[in-house]
Every structure is written in structure tokens, then in C-alpha cells.
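Chain residues, written in single-letter form:
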Amino acid sequence: MPQNTVQASSSQHGLRALWRQRGAGAWLLWPLSLLYGVLQAWNARRMRSRQQSTGLPVIVVGNVIAGGAGKTPVTLAVVAHLKARGWQPAIISRGYGRRIENGQDCREALPDSPASEVGDEPALLARSTGVPVFVASRRLEAAQALRQRYPQVDVIVSDDGLQHLALARDVELCVFNDEGVGNGFLLPAGPLREPWPRPVTATLHAGQPPRPLGTSPAFALQRSLADAACNGHGQSIPLHSLAARSPEAVAAVARPESFFAMLAAKGITPAATQALPDHYDFESFSRKLGNDKPLICTEKDAVKLWRRHPEAWAVPLKLQLPQAFWELLDAQLAKANANIRRDGKPA
């Protein structure tokens, strides 16, 4: 019988349940959503008035809902596509969850950077892409630092930052998970960080398209686990070989149940699962089944978990998008690059 341990915040799960429908709890919080909407609109106008360009084409991969929507896998796919098309991309991010010591807010994330210093997602991006990755609270500072350090970069991808309007952008990709916009209310009565629909270059969605959809083109994305896993010792193993070994699975992501469901789709039923809070640091993590059983985790968790448990098997996430999306992205980038060159700015 599987052992299921859920240590993620009960308030987090309660909010997600509340956000799915317009029940009594959501309506009680609705007046606060009105206040949030006024503050959000004021802040958006303020940031737009101070908007600055990096001097390069900028692609923002973000969302309008609170919690994970699958932005980082999209960023990985976009960077891989850009490299294949001959671009020299770099990535900027806020670096959520990192420690800022001695005022060193802006810093480079290297493949071996601790997640505590740069954030778990930037650490994963640096390790997986091989392109420059910089983090800063103000994305423009990160962009300026990476351009100074890597002048050959010719396009910037911002992992998250759809609401960081102080950074000028040429392409906006809004990612949705299969929960869509939930009840459609703004925070805290619903999951929305800003009103939806709003203009973006493209909407990328798992499951059904979000309703309402708006006028931007929408593309379905397909997500599944890779056929092989790797550990902190640099070893690789076919994923199916773990199915009969009663593994333990752990996930410290916004929706850990999605990872467990994808394992099941690959024929793996863990003997125990642990769902931990998003961005959990794994400092106090303890295994439920001991070291005799395989331990399976997400790629994002591996950048922290491997420091204490290098034997853990990280399973990459595969993402597929239709060719029409990549053609749209290429066309928008070509247009942005031409505009920058025409305006006399570096490109």
C-alpha cells in the first residue's frame, strides 16, 4: 500500500480549492480582490511609464495565475529552439527563494551555483541550457549585467516577469496549466494576478484553452516525462526499469500531484510519495523508505536534493508545441530584430 505524505502548506491547498469556483469563500474575499485590482492597475501604469529597453529582442515567458503554470519547461524549450535557429540567447530571472547577502542582488547563475544563492529555477536553467543566466529583482539590471559579461548575446528570454512591465518586451508568452483561470477572480478571491484576458503574443495551455481566451493565438502544449532519469553521479537509467523496484517519489513544486500522475502514466506506482512546499530547500528532508529503494524527483528539485542525496533519480520533463507556434515566434523575433536595427540600437 503506497505511503502518501503531504507536507505542503494546507493553506496553499485550501486556496487552490477555493479558487476553482465562485463559492461562498470566494465571494467573501471578492471585495479584497477589487482593492487588489485597483492597486495592480496603478502599479502597472507606474511601471509602464518607466519602461526601459535592453537593446535586444526580449521574450517573456510568464503567467497570470498564482502558483506554477509550467513556465520553466517552456523557457527551456524556447531556448533550445533559439539555439537551433542560430541565435545566441541568454536568460534572466528574479531568482525566487534565493538569499541576498551583502547587497549582491544581481548575480550570474552558473551550472554549479547553489539554489540558495540564485534560486532553484535559474540553477536548473543554467545547468540544462548552457547559456548565460542572470538573476536580479529588477530584470533590467540582470539584462544589463549579462550583456556586459556576454556581448555576443543577441536575444534575452525572461523566465517569469509578465507583470514586470518596467522591462520592455517584444514577445509575451502566457502559460496556463489545466486549471485555466479558475474562478476568474483576482487575488485573493481567485488565482489571477491581473485581469484576463489581456493581449499577449501567444497563449500556451495544457488541457483545454482557458476561458475566456481573448484574441491572442492559443496553442496546446503536451507535457510528459522523459524515458530516462539521471542522478547526481552523472549516471542514467531507463525510467521503466524503476517500475518494479518500489521507488519513493518526492516533489517540491507548485502541483506535486501532476508529477505523480505523470509517473503513473509511465507505469510507475511509487510505494511512497512526499509532496513538499514549492521551492522547499530539502535541508530537513528525510526519506520514508530508506536508502534501499530508488528515490525519484523532478529536475527542479534535483538541483537542491542532489547536494544531500546524489543517488536520487531526476526525471526530465518533455514538452511539445505545434510547429505553428514556432513559426509565429520566429516571425515575431525577426520583426523585433529589424525594428531594433532600424532604430540604431545594438542588436
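Residues numbered from 1 in each chain as written. Predicted model: local features only at pLDDT ≥ 70, side-chain atom pairs only at ≥ 80, totals over all residues. Heavy atoms only, no water.

- The name an unreviewed UniProt entry assigns to the protein is Tetraacyldisaccharide 4'-kinase, from the organism Comamonas testosteroni.

1. Focus on the overall build of the protein
Piece 1. When you go through the protein residue by residue, the secondary structure sums to nine helices and 17 strands.
Piece 2. Relative to its length of 347 residues, the protein is compact, with a C-alpha radius of gyration of 20 Å against a globular reference of 20 Å.
Piece 3. On the principal axes, the C-alpha backbone points of the protein span a range of 60 × 50 × 45 Å.
Piece 4. Burial statistics for the protein: of 347 residues in total, 50% are counted as buried.
Piece 5. Taking the contacts inside the protein whose residues are at least 6 apart along the sequence as the reference set, 73% of them involve residues at least 24 apart.
Piece 6. Surface accessibility of the protein: about 15,900 Å² in total, with carbon and sulfur atoms responsible for 52%.
Piece 7. In the protein, which carries 39 positive and 29 negative side-chain charges, the distance between the mean positions of the two groups comes to 5 Å. (Helix = DSSP H or I, 4+ residues; strand = E, 2+ residues; numbered from the N terminus. Rg over C-alpha atoms; globule rule 2.2 N^0.38 Å. Buried < 20%, exposed > 50% of the residue type's maximum accessible area, 1.4 Å probe, protein only. Contact = heavy atoms within 4.5 Å. Areas by Shrake-Rupley, 256 points an atom, 1.4 Å probe, with all protein chains shown as cover. Lys, Arg positive; Asp, Glu negative; His and termini not counted. Charge placed at Lys NZ, Arg CZ, Asp CG, Glu CD.)

2. Notes on the pairing of strand 14 (residues 272-275)
Piece 1. Residues A272 and Q274 line one face of strand 14 and the alternating positions T273 and A275 line the opposite face, and both faces are buried.
Piece 2. Of the strand pairs in this sheet, strand 13 (residues 248-251) and strand 14 are connected by four bridges, and their pairing is parallel. Bridging across to strand 14, V250 finds its partner in Q274.
Piece 3. At this point the chain moves from strand 13, through helix 7 (residues 256-265), to the parallel strand 14, and the crossover so formed is right-handed. (Pairing = 2+ DSSP bridges. Right-handed = clockwise from strand over helix to strand, strands pointing away.)

3. Things to note about the layout of surface pockets
Piece 1. Computed from the structure, the second largest pocket encloses a volume of approximately 290 Å³.
Piece 2. Taken together, 16 residues form the lining of the second largest pocket, with A115, S116, D281, E283 and K304 sitting closest to its centre.
Piece 3. Listing elements by their share of the lining of the second largest pocket, those giving two or more residues are helix 4 (115-118) and helix 8 (299-305). (1 Å grid on protein atoms, 1.4 Å probe; cavity = no way out; pocket = protein on both sides within 12 Å on 5 of 7 lines; lining within 4 Å. Points joined across faces, edges and corners; volume = space filled by probe spheres on them.)

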